[in-house]
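# Tertiary structure, described
Below are the chains, spelled out letter by letter.
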Amino acid sequence: MYPNERTEQKRVVVDSPGVRREIVTERIQSAPRETGISAGTVAIITILVVMVVGAIFYFVSSRNANEAANRNANLDAASQASAEHPPSTTIVQQPAAPAPVIIQQPALGQQAPVIIQQPAQPNPRDTASADANMQEIATKRLTEEPDMALVSITISDSQAVLTGSVNSSASKAKAERLVKAVRGVKSVDNKIVVSSV
């Protein structure tokens with residue numbers, strides 16, 4: 001008999017005139033099996049969980065120990081390397097100065113040597129301020145002349161451009177001469193129109 005089974009017996013007595021009978025019925029009932037987990041299964045699961053947690057803890061702690069050991073070894077190696085080799089000095093060389101100009105006196109009876117100097121490269125900021133200064137001087141000179149009230153000037157890269165109108169060709173030529181006389185002006189583009197009134 002299984003632990004979940006139960007036997008039930010029933011006796012029935014049948015009395016009829018002249019005959020007496022007894023009927024015995026036996027019935028076996030089985031109850032549904034219990035589905036709970038046994039105590040042995042719970043113990044095995046608990047042991048496995050403890051082992052897995054222990055293994056994870058062991059791997060994590062050994063990894064941290066290895067990383068700390070590597071970090072300390074790297075620091076020791078770096079400190080030994082810096083003690084053995086002091087930091088290198090960086091040397092910055094300045095650009096070479098331009099070659100000096102040498103002037104020699106010619107020997108008696110010889111022709112004097114020709115000396116050619118390279119012009120200095122202008123700084124764009126210096127050029128712009130020089131152009132503004134030249135334009136201011138040229139404008140002042142032109143406004144001092146009564147017949148050049150309608151003449152305007154612009155200077156860029158030491159090149160002057162004259163525009164506007166005057167009454168005669170002589171005034172046009174005079175405006176060009178006044179601007180060319182400004183120190184630093186290299187060329188003049190005279191676009192002044194002569195209008196006869």
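Residues numbered from 1 in each chain as written. Predicted model: local features only at pLDDT ≥ 70, side-chain atom pairs only at ≥ 80, totals over all residues. Heavy atoms only, no water.

## Some details on helix H3 (residues 169–180)
In a regular helix each residue adds 1.5 Å, so 12 residues correspond to 16 Å; H3 covers 17 Å between its end C-alpha atoms and thus fits that length. Of all the positions in H3, only Ser-171, Ala-175, Leu-178 and Val-179 are classed as buried. Along the axis of H3, the buried residues cluster in a sector spanning 95°; they form a single face. Among the exposed residues of H3, those pointing more than 90 degrees away from its buried face are Ser-169, Ala-170, Arg-177 and Lys-180. (Helix = DSSP H or I, 4+ residues; strand = E, 2+ residues; numbered from the N terminus. Expected span 1.5 Å × (residues − 1). Buried < 20%, exposed > 50% of the residue type's maximum accessible area, 1.4 Å probe, protein only. Arc of directions from axis to C-beta.)

## Description of unusual backbone geometry
Negative phi values dominate among residues other than glycine, just as trans dominates among peptide bonds. With a phi angle near 55°, Asp-157 is a residue other than glycine that sits in the positive phi range. Residue position: Asp-157 is located in the loop between strand S3 (151–156) and strand S4 (159–166). For Ser-158, which is not glycine, the phi torsion reads 65° and is therefore positive. On the basis of relative accessibility, which here comes to 13%, the residue Ser-158 falls in the buried class.

## Some points on the confidence of the model for the chain
Averaged over every residue, the pLDDT of the chain is 80; residues scoring 70 or more account for 72%. Ranking the elements of the chain by mean pLDDT puts strand S1 (residues 5–16) last with 76 and strand S5 (residues 187–190) first with 93. (pLDDT = per-residue confidence, 0-100.)

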